[in-house]
Amino acid sequence: MTDSGARKEQLAANLAKVEERIAKACAAAGRSRGDVTLIAVTKTYPASDVRLLSSLGVEQVGENRDQEAGPKAAACADLPLTWHFIGQLQTNKAKSVARYASYVHSVDRARLAAPLGAAAVREGREIGALVQVALDAEGDPAAHAGRGGAHPDEVPELVDRIAATEGLRLAGLMTVAPLAGRYAGDARAAFARLAELASLVRAAHPAATMVSAGMSGDLEEAIAAGATHVRIGSAILGTRSPLG
Ligand SMILES: *Cc1c(COP(=O)(O)O)cnc(C)c1O
């Protein structure tokens, strides 16, 4: 078998395992499998892997660094893929990200909305924008490790700002299970809190239905709490180096 054939088999087997976990978690939560979308997080892995995943039916891919995602998206421009940008976003990268990203999960400050919206308009697209919520900051701002994310108290104002920005469509909320603060070690409670915040957002913005939560280690907890999008990297592609 070719190297590419072996890699494809490995990715197919990993995808099947992840699919089984998602299906089980949906069943356990009394949710329909169709309510949860799998985003394959391909960061640190080459465009050739994205191509193989596409051939295996993957349609949603996630990346966290523009320097890496831009060339990868360009190399895969012929494939039917939707790109989700999930990493911390510097304002000066908004223009580049708008070239390929249909969704940005990591809008965490009002200052980012205008440049990102303007870049989307220039590209002739509307970006689905999610507010990344830093739950490590709740009740203990000192615990916020600066990994990105808005304080929960800032969410109402930020979603209103996004909703009012041309080029952006308010899509929902995103979080990463916190390592510090009151939810440390309790992903289920963190995701339940995100779901609560998301339902408050929907009261004002009914179309903002995306709840992006859950990674390789905690997708079950996220689905139990109502996540609509899980972002899965290592369980599909393999373990990354510690710096990835
Ligand atoms: C890397 C990353 C993921 C995927 O993490 P895994 O543990 O590899 O599944 C999900 N979300 C964000 C924001 C990431 O940076």
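This report concerns the structure included in the present document.

## Some remarks on a negative patch on the surface
On the surface, Asp153, Glu154, Glu157 and Asp160 cluster together into a negatively charged patch. If you trace the backbone, Asp153 turns up in the loop between β5 (127-132) and α6 (155-163). What makes Asp153 exposed here is its relative accessible area of 65%.

## Re the pairing of β5
Counting buried positions along β5 gives 6 out of 6 residues, so the element sits mostly inside the fold. Covered by surrounding structure in β5 are Ile127, Ala129 and Val131 together with Gly128, Leu130 and Gln132, the residues of both alternating faces. In this sheet, β5 lies alongside strand β4 (residues 101-107) in parallel orientation, the contact comprising 3 bridges. When the bridges of β5 are listed, Tyr103 appears paired with Gly128. Read from β4 through helix α5 (residues 110-122) to β5, the crossover connection turns out right-handed. Bridging between β5 and strand β6 (residues 168-174) involves 6 bridges; their strand directions are parallel.

## Observations concerning the environment of Ser32
One can find Ser32 in the loop between α1 (3-28) and β1 (37-41). A residue is classified by how much of its surface remains accessible, and Ser32, at 41% relative accessible area, is partly exposed. With 151 residues separating them in the primary sequence, Ser32 and Tyr183 have C-alpha atoms 27 Å apart.

## Here we look at the site of the ligand
Lining the immediate environment of the ligand, one finds Val41, Lys43, Ile86, Met174, Met215, Ser216, Arg231, Ile232, Gly233, Ser234 and Arg240. With respect to the ligand, the backbone of Gly233 contributes an N or O atom lying 2.8 Å from an oxygen atom. A distance of 2.7 Å is found between an oxygen atom of the ligand and a backbone nitrogen or oxygen belonging to Ser234. Contact with the protein chains hides 88% of the accessible area of the ligand, taken as 390 Å² for the molecule alone.

## Examining the nonpolar core
Core analysis: the largest hydrophobic core is formed by 68 residues, its most contacted members being Ile22, Val104, Val131, Leu173 and Ile236. With 7 residues, the top contributor of residues to this core is helix α7 (residues 187-204). Leave out the neighbours within four places in its chain, and Ile22 touches Arg33, Val36, Leu38, Leu219, Ile223 and Val230. Tyr103, Leu130, Met174 and Met210 belong to the second largest nonpolar core, which has 5 residues in total.

## Focus on the pattern of salt bridges
Taken as a whole and judged by the stated rule, the model has 13 salt bridges. A salt bridge links Lys24 to Glu20; the nearest nitrogen and oxygen atoms lie 4.0 Å apart. Here Lys24 and its partner Glu20 are both found in helix α1, 4 residues apart, which amounts to about one turn of the helix. Using a relative accessible area of 58% as the deciding quantity, one classes Lys24 as exposed.

Here is what the cut-offs are and how they apply
- Residues numbered from 1 in each chain as written.
- Predicted model: local features only at pLDDT ≥ 70, side-chain atom pairs only at ≥ 80, totals over all residues.
- Heavy atoms only, no water.
- Patch = residues over 30% accessible without salt bridge, like charges linked within 9 Å, V, L, I, M, F, W, Y side chains within 5 Å.
- Areas by Shrake-Rupley, 256 points an atom, 1.4 Å probe, with all protein chains shown as cover.
- Salt bridge = Lys/Arg side-chain N within 4 Å of Asp/Glu carboxyl O.
- Lys, Arg positive; Asp, Glu negative; His and termini not counted.
- Charge placed at Lys NZ, Arg CZ, Asp CG, Glu CD.
- Helix = DSSP H or I, 4+ residues; strand = E, 2+ residues; numbered from the N terminus.
- Buried < 20%, exposed > 50% of the residue type's maximum accessible area, 1.4 Å probe, protein only.
- Pairing = 2+ DSSP bridges.
- Right-handed = clockwise from strand over helix to strand, strands pointing away.
- Near = heavy atom within 4 Å.
- Polar contact = N/O pair within 3.5 Å; in protein donor to acceptor, adjacent residues only side chain to side chain.
- Core = buried A, V, L, I, M, F, W, Y, C linked by side-chain atoms within 4.5 Å.
- Contact = heavy atoms within 4.5 Å.

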